[in-house]
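Inside the fold
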Amino acid sequence: MQSDSTGDPQTDEITRLLKSWSGGDPEVLDELMPMIYDRLCGLASSFLRYERSDHTLDTSSLIHEAYLRLVDQNQVQWRDRAHFFAIAGKMMRRILVDHSRRKGSEKRGGDLVKLQLEESMDSRVEPAISLLVLDGALHVLERTNEELARLVELRYFSGLTKVETAEVMGISTATVIRRWRLARAWLHTYLVKGTLLEI
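1. What to know about the confidence of the model for the chain
Across the chain, the average pLDDT comes to 79, with 75% of residues at 70 or higher. Low confidence marks residues 106-110, where pLDDT is under 50. Its contacts with residues over four positions away, or in another chain, come to eight contacts. Note that residues 120-126 has pLDDT below 50 and, in this model, seven contacts with residues that lie over four places away or in other chains.

Below you can see the structure in the form of structure tokens.
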């Protein structure tokens, strides 16, 4: 029988607590939160880094709202740490997209995010893209290739490493690297050039 152990004590403990939570033990959340808080902060900060300076959601409020939604996920059977952060990233994306829609920021050209579409691209000249435009592009990609859209969500929105993404998707790291390159090329063609790339 294959062990769930990763060899990293903290990662293994997070996985154990998540499985206890899935099993109906809400008290483990008090132990779990301090262990995941820094990573949630990192996720929230990466989402908010390129938002307007007057954005009404800050890191703490984004984490708080995402946490409330996560706690409400009674039907999720948490597999491991990577699975948890995959869902957390999806929650944060939804929160920010909903917030942008409520504020009508697409009409003001606000809520811009930076997406590194090419590995060789200087981060200082990355194109600024509306979060709503990026969200719309992902919906188009999902209709074209659901796996590529999920990979973008895991890598960009959930902040998972290539190895973590491979674990969540059940594919090899080499496949993640290859598909990530293809996904970036699709996004670049769709968002920057305004055309669809066949995949």
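2. Re the packing of helix H2 (residues 29-48) against helix H4 (residues 81-103)
Relative orientation of the contacting elements H2 and H4 amounts to 35°, with a least axis distance of 11 Å. At the point where H2 passes H4, the crossing takes the right-handed sense. Counting all contacts with H2, which are made through Ile36, Arg39, Leu40, Leu43, Ala44, Phe47 and Leu48, the residues of H4 involved are Arg81, Phe84, Phe85, Ala88, Gly89, Met92, Arg93 and Leu96. Across the contact of H2 with H4, the residue classes break down as 11 nonpolar, one polar and three charged.

3. Description of helix H1 (residues 9-22)
Between its terminal C-alpha atoms H1 stretches 20 Å, which fits the 20 Å expected from 14 residues at 1.5 Å a residue. Those residues of H1 not exposed but buried are Thr11, Ile14, Thr15, Leu17, Leu18, Trp21 and Ser22. Looking down the long axis of H1, one finds its buried residues gathered within 165° of arc, a one-sided arrangement. Tucked into the core, H1 has its buried residues touching H2, helix H3 (59-71) and H4. Of the residues one or two after H1, Gly24 is the one with positive phi, at around 105°.

4. As for the nonpolar core
Grouped together as the largest cluster of nonpolar side chains are 55 residues, with contacts concentrated most on Leu40, Phe84 and Met92. Contributions of two or more residues to this core are made by H1, H2, H3, H4, helix H6 (131-144), helix H7 (146-157), helix H8 (162-169) and helix H9 (173-192). Sorting elements by how many residues they give to this core places H4 first, with 11 residues. Those residues within four positions of Phe84 in sequence are excluded, and the remaining contacts are Leu18, Trp21, Ile36, Leu40, Leu70 and Trp78.

5. A short note on the pattern of salt bridges
Considering all chains together, one arrives at nine salt bridges under this definition. A salt bridge links Glu164 to Arg39; its shortest N-O distance comes to 3.1 Å. You can see Glu164 sitting in helix H8 and its partner Arg39 sitting in helix H2, a full 125 residues away along the chain. Pair check on accessibility: Glu164 and Arg39 agree, each one buried. Of the charged contacts, one joins Glu65 and Arg69 as a salt bridge, the two residues approaching to 3.3 Å between their closest N and O atoms. With Glu65 and Arg69 both in helix H3 and four residues apart, this pair spans about one turn of that helix. Looking at Glu65, the relative accessible area reads 27%, which means it is partly exposed. Each member of the salt-bridge network shares a partner with another, and the members are Lys90, Arg93, Asp135 and Glu153.

Conventions and cut-offs
Each chain carries its own residue numbering, running from 1 in the written order of its sequence. Restriction of local features to residues with pLDDT of at least 70 applies here, the model being predicted, together with a cutoff of 80 or more for giving and counting side-chain atom pairs; totals for whole chains, interfaces and linings are based on all residues. Excluding hydrogens and water, the side-chain figures rest on all heavy atoms present in the structure. Confidence of the predictor in every single residue is expressed as pLDDT, which spans 0 to 100. The contact criterion used is simple: two residues touch if any of their non-hydrogen atoms lie within 4.5 Å. Interaxial angle, 0 to 180 degrees, is taken between N-to-C directions of lines fitted to C-alpha atoms, where a helix line uses only the stretch in contact. In this description a helix means any DSSP run of H or I spanning at least four residues, a strand means any run of E spanning at least two, and both kinds are numbered starting from the N terminus. For any helix crossing, the convention is left-handed if the near helix is rotated counterclockwise from the far helix by under a right angle, and right-handed if that rotation is clockwise. Basically, the charged four are Asp, Glu, Lys and Arg, the nonpolar ten are Ala, Val, Leu, Ile, Met, Phe, Trp, Tyr, Cys and Pro, and anything else, Gly included, counts as polar. For a helix, the expected span equals 1.5 Å multiplied by the number of residues minus one. Per-residue accessibility, obtained with a 1.4 Å probe over protein chains only, is compared with the maximum for each type, and a residue is labelled buried under 20%, exposed over 50%, and partly exposed between these values. This arc corresponds to the set of directions leading from the helix axis out to the C-beta atoms. Nonpolar cores were defined as sets of buried Ala, Val, Leu, Ile, Met, Phe, Trp, Tyr and Cys residues, with membership established by side-chain atoms within 4.5 Å. Throughout this description, the term salt bridge denotes a Lys or Arg side-chain nitrogen within 4 Å of a carboxyl oxygen of Asp or Glu.

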